[in-house]
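The lines below spell out each chain.
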Amino acid sequence: MSTPPLLCDGDGLAMPAKLRSLVMAQKPEIKITLASRKKVFTTLDTIAGTVTITAPEDTPFDNLDIEFLGTSRTYVERITTAAAAAGRSEAFHQFLKLVQPGLQEHYPTDGILKAGQAYDFAFIFVVPQQLLPRICQHKTHNPAIRDAHLSLPPTFGDREQSKACDIADDMAPEMASVRYGIFARLWKSKLHDDEMCRFSLVSKARRLRIVPALEEAPPLAVGGEESEYTMRKVKTIRKGVLKGKLGTLVMEAAQPQALRLRSSNESECRTTTMATVMLRFDPTDENAAPPKLCSLSSKLKVNTFFASTARQQHPTKQGSLLDVTQGMHTDQLNLSSRCVANVEWTHHDPAKPLTIERRDSACSTTQLTVGETPSPSETYKGRTYYSARLLVPITLPSTKTFAPTFHSCLISRVYQIKLELSTSSLGTSLDLKIPVQVSSSSENSTSDALLRRASGGESGDEAEVEAEDLADFFHSRMIRAPAEGFVGRSRIGSQAPVGVEEMEAPPGYSAFAPSSGR
C-alpha cells in the first residue's frame with residue numbers, strides 16, 4: 001500500500017501533505033472600519049462603517065452577518081460550609097441585537113470570494129433609546145423597575161476596550177461586565193449527519209464604548225431601620241469630660257442634584273454638583289453657645305451589584321448578603337476635606353429680632369446663608385436655637401471613569417456620598433450617607449435640532465432642516481419603537497439600510513450551575 005507524500009518543515013520533520021494543508025490553511029481576513037473617530041457613542045448616535053473581506057484563496061460562502069450586539073455577563077462565587085452548595089453560578093444575557101439588512105445585494109454573483117480581491121460591505125446602526133419589551137419578561141415588583149431594566153446600560157467592566165481607548169478604570173469588578181460591539185461572521189452550509197448545518201468560516205468583532213443618555217431619576221424614598229442611607233443625624237454635645245450637656249446638634253441633608261456626565265467629552269470636563277448640609281443646635285440653656293466646627297470631609301462610595309438570576313427589585317446591601325445568587329462590590333474615593341471653623345450661625349429667638357453670630361478664623365469656608373432648618377430635636381424646649389447651612393461641592397475625580405447610575409436585569413451601579421462633620425467637642429462627629437445619581441447627557445445635536453424644529457421650538461435660519469432629513473429622522477425613531485416583533489428599515493441617502501431588530505427574540509438568560517469539581 002502506497003503512503004501519502006511527505007513534506008519536511010523547517011526542523012526537518014516530515015508530515016503528511018494533507019495534514020499540513022489542513023493545519024496551514026488560511027482563512028479569509030475580516031476588517032471592520034468605523035466612519036467616525038469617536039471613542040464614545042451615546043443615544044441616537046449613528047455607528048456607520050465598512051466590513052472588508054479579503055480571501056487568500058477562492059472561498060465559497062453562503063451568508064454574511066453584520067450585527068450590533070449588547071451583552072452582559074455575571075458570576076457569583078458561593079462560599080458556604082456545605083460543599084454541595086459551594087461553587088460559582090454564572091449568567092449571560094444578550095439584550096441587544098441589531099442586524100444589518102440588504103447584504104445579499106452585494107454578494108458575488110457566484111457566491112465565491114475571489115483570491116486577493118477585497119469585498120466591502122457597508123453597515124449603519126443607530127444607538128437605540130431603549131430596549132424592546134421582550135428583553136425583560138421576568139416578574140418585577142413595580143413598573144418603574146421594568147422601565148429601568150429596559151433602559152440601555154452603559155459599557156461596563158470591558159477592560160480590553162478601555163485599554164485600547166486609553167480610558168481610566170471604571171471600578172467594575174471582574175464578576176460583572178456589559179459589552180457592545182460590531183460583529184461580522186462569514187457562514188457556509190455543509191451536510192452533517194444528513195442535515196444541512198451552518199458552519200462559521202471566520203468571524204471578527206470590533207468593541208464599542210456606549211454611554212447612553214440616562215436622565216436623572218426622581219429622588220429615592222429613603223428611611224426606615226433597614227435603609228442604607230442616613231439623611232439626618234442627632235448627637236448630644238457636652239461641655240467636656242464628665243461635664244454636663246451643652247445642647248443637641250442636628251445634621252441633615254437632602255439628595256443633591258445628579259452628577260451629569262458629558263458622554264462624548266468625559267476626559268475634558270470635570271463633573272460637579274452641590275450638596276447642602278443643614279445644621280441646627282438646640283442649647284440646654286439660653287447662655288449656651290453653638291459648638292465650634294472643625295472640618296467637613298466628603299467621600300464617594302461606588303457600589304456595584306450583580307446577580308446570576310434576573311432580579312425582581314432594585315438591589316440592596318442586605319439583600320446581597322442574604323441571597324446566594326447576588327453579590328456586591330464596593331469602592332470608596334476620598335473627595336475633599338474642608339475647614340468650616342468660621343461658619344456663620346444664625347440665632348433664632350422668638351422674642352428678639354433675627355441676629356447672626358460670627359466666628360473669626362484663618363480657615364476658608366463656603367459662604368453660608370440662612371435657609372430651611374431641620375426639625376427640632378427631642379430635647380428642644382421651644383426656646384432659642386441656632387442654625388447654619390454648609391454648601392459642599394462634589395466633584396468626580398478625573399483619575400477614574402464613572403458609569404451613569406443604572407439598573408439592568410443582572411447588574412446595577414449606584415453611588416453614595418458620605419459627609420463627616422467634626423467639632424471641637426471631645427470625640428464628637430456626625431456623618432451622613434446620602435444617595436447621589438450620576439446621569440449622562442446626549443450631545444447628538446442633529447437629533448436635538450430636528451426635535452426642536454418639529455415641535456416648533458425654533459425658527460429662522462438656525463432651525464432650518466431639510467424635509468428629507470426630518471422624515472429620515474422620525475422614520476429611524478419608528479424603527480426603534482419598543483413594539484413586540486417590530487421590524488423595519490430606512491435608507492439615508494445612498495448609504496446602507498439602517499440595522500434593525502430581528503423578528504426572533506435574542507437569547508434570554510442562560511445560567512450555568514456550578515461544576516461538581518469546585
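Everything numeric here is computed off the predicted structure, so don't read it as measured data. (Residues numbered from 1 in each chain as written. Predicted model: local features only at pLDDT ≥ 70, side-chain atom pairs only at ≥ 80, totals over all residues. Heavy atoms only, no water.)

A. Representation of the overall build of the chain within the structure. On a plain count of helices and strands, the chain comes out with six helices and 26 strands. Here the contacts in the chain between residues at least 6 apart in sequence split such that 72% fall between residues at least 24 apart. Accessible area for the chain stands at about 27,800 Å²; split by element, carbon and sulfur atoms hold 50% of it. (Helix = DSSP H or I, 4+ residues; strand = E, 2+ residues; numbered from the N terminus. Contact = heavy atoms within 4.5 Å. Areas by Shrake-Rupley, 256 points an atom, 1.4 Å probe, with all protein chains shown as cover.)

B. Representation of the packing of aromatic side chains. According to the stated counting rule, one finds 10 aromatic pairs in the structure shown. Summarising the aromatic geometry, the rings of Y107 and F121 are spaced 6.3 Å apart at their centres and angled 75 degrees between planes, so their arrangement reads as edge-to-face. Taken together, the residues Y107 in the loop between β7 (87-99) and β8 (112-113) and F121 in strand β9 (residues 118-126) connect sequence positions 14 residues apart. Of the residues examined, Y107 reaches a relative accessible area of 17% and is grouped as buried. Taking the relative accessible area as the measure of exposure, F121 reaches 1% and is therefore buried. Plain terms: the ring middles of F123 and F125 are 5.9 Å apart, the flat faces sit at 35 degrees to each other, and that makes the pair tilted. Residue classification places F123 among the buried residues on the basis of a relative accessible area of 2%. Joined through ring pairs, the aromatic side chains of F68, F95, F123, F125 and Y180 make up one cluster. Stacked on the ring of W187, the Lys or Arg R198 has its end atom at 4.0 Å from the ring centre. (Phe/Tyr/Trp six-rings, centres within 6.5 Å; stacked < 30°, edge-to-face > 60°. Buried < 20%, exposed > 50% of the residue type's maximum accessible area, 1.4 Å probe, protein only. Lys NZ or Arg CZ within 6 Å of the ring centre and 35° of its normal.)

C. Local environment of the environment of L300. Relative to the assigned elements, L300 resides in strand β16 (residues 293-307). On the basis of relative accessible area, L300 is assigned to the buried category, the value being 1%. A C-alpha to C-alpha distance of 6.4 Å links L300 and N334, two positions 34 residues apart in sequence. Residues contacting L300, with those up to four places away along its chain left out, are D331, Q332, L333, L335, L396, F402, Y415, Q416, I417 and V436.

D. Structural detail: the pattern of salt bridges. Summed over the entire model, instances satisfying the criterion amount to 16 salt bridges. For the salt bridge of R198 with D65, the shortest nitrogen-to-oxygen distance reads 3.7 Å. Here R198, found in strand β11 (residues 195-208), pairs with D65, found in strand β6 (residues 63-78); they are 133 residues apart in sequence, far enough to count as distant. Ionic pairing is found between E252 and R232, a salt bridge with its closest N-O pair at 3.0 Å. Pair noted here: E252 is in strand β13 (residues 245-253) and R232 is in strand β12 (residues 232-238), with a separation of 20 residues, a long-range link. We classify E252 as partly exposed; its relative accessible area is 27%. Taking the relative accessible area as the measure of exposure, R232 reaches 28% and is therefore partly exposed. (Salt bridge = Lys/Arg side-chain N within 4 Å of Asp/Glu carboxyl O.)

E. Highlighting the sheet that holds strand β3 (residues 29-34). Read across the open sheet, the three strands follow the order β3-β4-β9; overall the sheet is antiparallel. Edge positions in the sheet fall to β3 and β9, since each has one partner strand and no second. Pairs of neighbouring strands in the sheet enclose a mean axial angle of 20 degrees, with direction left out of account. Both strand β4 (residues 46-54) and β9 contribute to a ladder of nine bridges, which runs antiparallel. Paired with I47 across the bridge in β9 is F125. (Pairing = 2+ DSSP bridges. Axes fitted to C-alpha atoms, helices over the stretch in contact; angles between N-to-C directions.)

F. Spotlight on the confidence of the model for the chain. The predicted model of the chain averages 78 in pLDDT, with 72% of residues at 70 or higher. When the elements of the chain are averaged for pLDDT, helix α6 (residues 467-479) gives the smallest value, 35, and β4 the largest, 97. Low pLDDT, under 50, characterises residues 354-371; the predicted model gives this stretch 40 contacts beyond four residues in sequence or across chains. Note on residues 445-495: pLDDT under 50 across the span, and 66 contacts to partners over four residues away in sequence or across chains. (pLDDT = per-residue confidence, 0-100.)

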